[in-house]
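Commentary on secondary and tertiary structure
Residue strings, one per chain:
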Amino acid sequence: MSLIPLSEIDAAMLGSVGGKAAGLGEMIKAGERVPDGFCVTVDAYATRTLPERELAAAYAGLGGGRVAVRSSATAEDLPEASFAGQQDTYLNIEGLNAENGGPLADAIRRCWDSLGTERAVAYRAAAGVDEAAMAVVVQRMVDPVVAGVLFTAHPITGCRTEMVVDAAPGLGTAIVEGTVIPDHYVLSHTARAVPERDGCLDGAQLEELRQAGLRLQRHFGSPQDIEWAIDADGVLWLLQSRPITTLFPAPPDTGDTRLYLEFGHIQGMLRPTTPMGVSLLKTGASMWFRAAGASVDPRDPLPRLVPIGGRLYFDLTDYLRSPATRTRLGASLNVYGPRVQGAVERMLDDPRFAPRPGLPFRPGSGLKMAARMALPAIFGIARSLASPDAARERALWAVREMGRQSEPPQRGTAAERLRWVVEDSHRAIMTPDLMGLTWPLMAGMIAGTAPAALLKGLATDEELGAVLGGMPYNVTTEMDLELWRVAVRAREHGPLFRTTAPRELSARFRAGELPDIGLSAFLDRYGRRAAAEIDVGMPRWSEDPAPLFATIANYLRVDDPEQAPDLRFARAADKAERMITTLARRARARRPVRGRIAIFLMRRSRKLTGLREIGKFAWLPAIQSSRGQLLLVGDDLAGRGLLERGDDIMFLDLFEARAAVLKGVDQRELAAGRRAAYERELRRTMIPGALLSDGTDVEALAPRGPVEDGVLSGMAGAAGRATGRARVILDPAGAHIEPGEILVAPTTDPGWTPLFLTTAGLVTETGSPVAHGPTVAREYGIPAVICVRDATRAIRTGQLITIDGAAGTVRLDED
């Protein structure tokens, strides 16, 4: 059928009528007032033939006259992508004739053509939409005296209990096109609308809009973006309702106001975590808590760690309300950066988080853990500081032993493999002190941070940062330098590795068709690593080395011998030793006692602080072995028809996988839905650092401070200054960066650090001074500025920028 009245359309017909028409049909069925009209379906678009008789009859049925001709693509007005403004709409179209169809037929054809415009094609590519077809909606024109847009959730803050109305005289297109400054109203979901000032709308009209918004949100089951118009008779017409696609997913409803802090960006991980990744993380952590003397719920061992939009958030509410902990929160959140820290501090004044009696944890469990850990901690840290070389050897032994004990079974049924993942995979690493690894690591962190307090006012941040440069014994730094050595061996085959696509090189490597440059040996040691490597759902470099080939190509572009990463690292190490000598002379003269302690710790830091990466590195064999076993279980389930494909198991949790293995539960629909949601979330670039349970991004509530023209402010990550062209990169896989460019990224984890070796500096939107990215930047001697909000949007690739890692600023220079 090529033409269907809107009143006969519902959501099940989306593939034939497109998103806009499907939404309008649902609104009519729900009893809403929608201008009468019809839809020219995708069948007509497919043949590029208009049903002339049907079109003439339908147009006459509307009474002829002026109509609106609106695109309704099959990929339009969907939950994951609105396609707002990407296809065309034509208003006040009038006339149809037999000779050439007239203005109406011409407008329909122009809507068809708009599907192939450059902007529409680019939008579909960014939204991950491969194909689309175009239907067209034709509706009777409404002559509005006022029109606008209604959001049933706040589109800026994300608050689900507020609505936002923008209104302007005349057609609402002026608002969506941004050509007028509209009247702006914020309404409560739960209170009758009352205008705060005179404007386009009175209280009755605002209340009618509020009620309509509530009805449509209930009908469609999600917050809506609604276009509306009010005619000269005061009648409200609803012109469109589609999901608000930009909202970050709301936290689970607990019936209480809660505050959540995003956990992953401290470790440089903003991409979503797979459901299996969350499940295994919680299961492994529960082993540690039990070993340390705490009681845990086996179904949810870490109830305060809540996945929201696939990201890991910590429920801070009970700590915020407890009189014993709320006053200490501000200082403890330094690692989150100033924006998140400030957001939490503002919540202390929010009456919803007023103090309540009680502690946020069980005192008995806390005391038991403290008693069990206190003496070993004191002894272990003191022993490590006294004999750092021996401590480091003990740590390396622990890493090897954990790897040995994480070897999976070679044979077994799916049930036996899954049992090993749940009960045995993390048993070696999740001991109270991680086989003794904890104390050298903590000693190194103390030695690296305490001198700043001891030498406050005597040494600058830049001098103290220099002491941490070229830090030895860091497994991530060693990995990056080893990859540089692989690139050096690739030089004799330079054109091959510089010009061939990383995916092709990866396929040829696995087929044994590449020259030996030492990559196999590199993967033997580091193949378990990857971006977002704590997620068992992420492929390892040993499975897909394409990101490594992209980095090797970047290294091969270094043509200045003085910029060779190994030499830069050596210069940073030499500078650190010379700085310790300089500070020692200064400290002994002016602070004999504290100065000597600080210098002692600085020298110990050169032997121990590099171990800060070793804890996660030690964890990786357990994750990699678990991944291998889970994929085998997934293959078994796919063979039994319980999953579509083996790696779909990463979109189940361990309990759901067990139900499939032991009870034959068909998990195909569940896994497919979660995979689709995960892939949508991969495209999200803005992640709230602090989130309320009503969906409010707490940072969005903060008043904007004074901003210097051309300067972006963030947080000091690694001291130093650099000027260079920016390279904005959203994903390290396949990333291209020229030597001397400044890397601008949403965040960084160890999977990004190979890119650091040839960059002049680093800028990230999130992070912490103790996170992987700034730590490695300090060790390479490159400046880093972190927590720069919207950096990947405000800075463009090729733009000349100057960063000051000590001041935490990025200056956008004139070219």
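Right above here is the structure, for reference.
In this report, we go over the structure that sits alongside the text.

On the surface, a cluster of positive charge is made up of Arg-585, Arg-588, Arg-596 and Arg-603. Counting only elements with at least two residues in the positive patch, the list comes to helix H22 (565-590) and helix H23 (592-608). For Arg-588, the location among the structural elements is in helix H22. Residue Arg-588 is classed as partly exposed on the basis of its relative accessible area of 42%.

This structure, assessed with the given rule, holds 11 aromatic pairs. Look at Trp-484 and Tyr-555: their rings are 5.7 Å apart centre to centre, the planes differ by 65 degrees, and that puts the pair in the edge-to-face class. With Trp-484 in helix H17 (residues 475-489) and Tyr-555 in helix H21 (residues 546-555), this pair connects stretches of sequence that are 71 residues apart. The burial state of Trp-484 is the same as that of Tyr-555; both residues are buried. Ring centres of Phe-497 and Phe-549 lie 6.2 Å apart, and the angle between their planes is 10 degrees; on these two criteria the pair is classed as stacked. Note that Phe-497 is positioned in helix H18 (residues 494-499) and Phe-549 in helix H21, a separation of 52 residues in sequence. With respect to class, Phe-497 is no different from Phe-549; both count as buried. Put simply, the rings of Phe-497, Phe-509 and Phe-549 touch in pairs and so form one group of aromatic residues. When the ring centre of Tyr-90 is taken as origin, the NZ or CZ atom of Arg-110, which lies over that ring, is 4.2 Å away. The aromatic ring of Tyr-473 is capped on one face by Arg-392, whose charged end is 3.7 Å from the ring centroid.

All right, on to the packing of helix H12 (residues 363-386) against helix H13 (residues 388-405) then. Packing of H12 against H13 brings their axes to within 5 Å, and their N-to-C directions diverge by 120 degrees. What the angle tells us is that H12 and H13 run oblique. Of the residues in H13, those in contact with Arg-383, Ser-384, Leu-385 and Ala-386 of H12 are Pro-388, Ala-391 and Arg-394. Class assignment of the residues belonging to the contact of H12 with H13 gives a composition of 4 nonpolar, 1 polar and 2 charged.

Reading guide: rules and limits
Residues numbered from 1 in each chain as written. Predicted model: local features only at pLDDT ≥ 70, side-chain atom pairs only at ≥ 80, totals over all residues. Heavy atoms only, no water. Patch = residues over 30% accessible without salt bridge, like charges linked within 9 Å, V, L, I, M, F, W, Y side chains within 5 Å. Areas by Shrake-Rupley, 256 points an atom, 1.4 Å probe, with all protein chains shown as cover. Salt bridge = Lys/Arg side-chain N within 4 Å of Asp/Glu carboxyl O. Lys, Arg positive; Asp, Glu negative; His and termini not counted. Charge placed at Lys NZ, Arg CZ, Asp CG, Glu CD. Helix = DSSP H or I, 4+ residues; strand = E, 2+ residues; numbered from the N terminus. Buried < 20%, exposed > 50% of the residue type's maximum accessible area, 1.4 Å probe, protein only. Phe/Tyr/Trp six-rings, centres within 6.5 Å; stacked < 30°, edge-to-face > 60°. Lys NZ or Arg CZ within 6 Å of the ring centre and 35° of its normal. Axes fitted to C-alpha atoms, helices over the stretch in contact; angles between N-to-C directions. Parallel < 35°, antiparallel > 145°, perpendicular 65-115°, else oblique. Contact = heavy atoms within 4.5 Å. Nonpolar A, V, L, I, M, F, W, Y, C, P; charged D, E, K, R; others polar.

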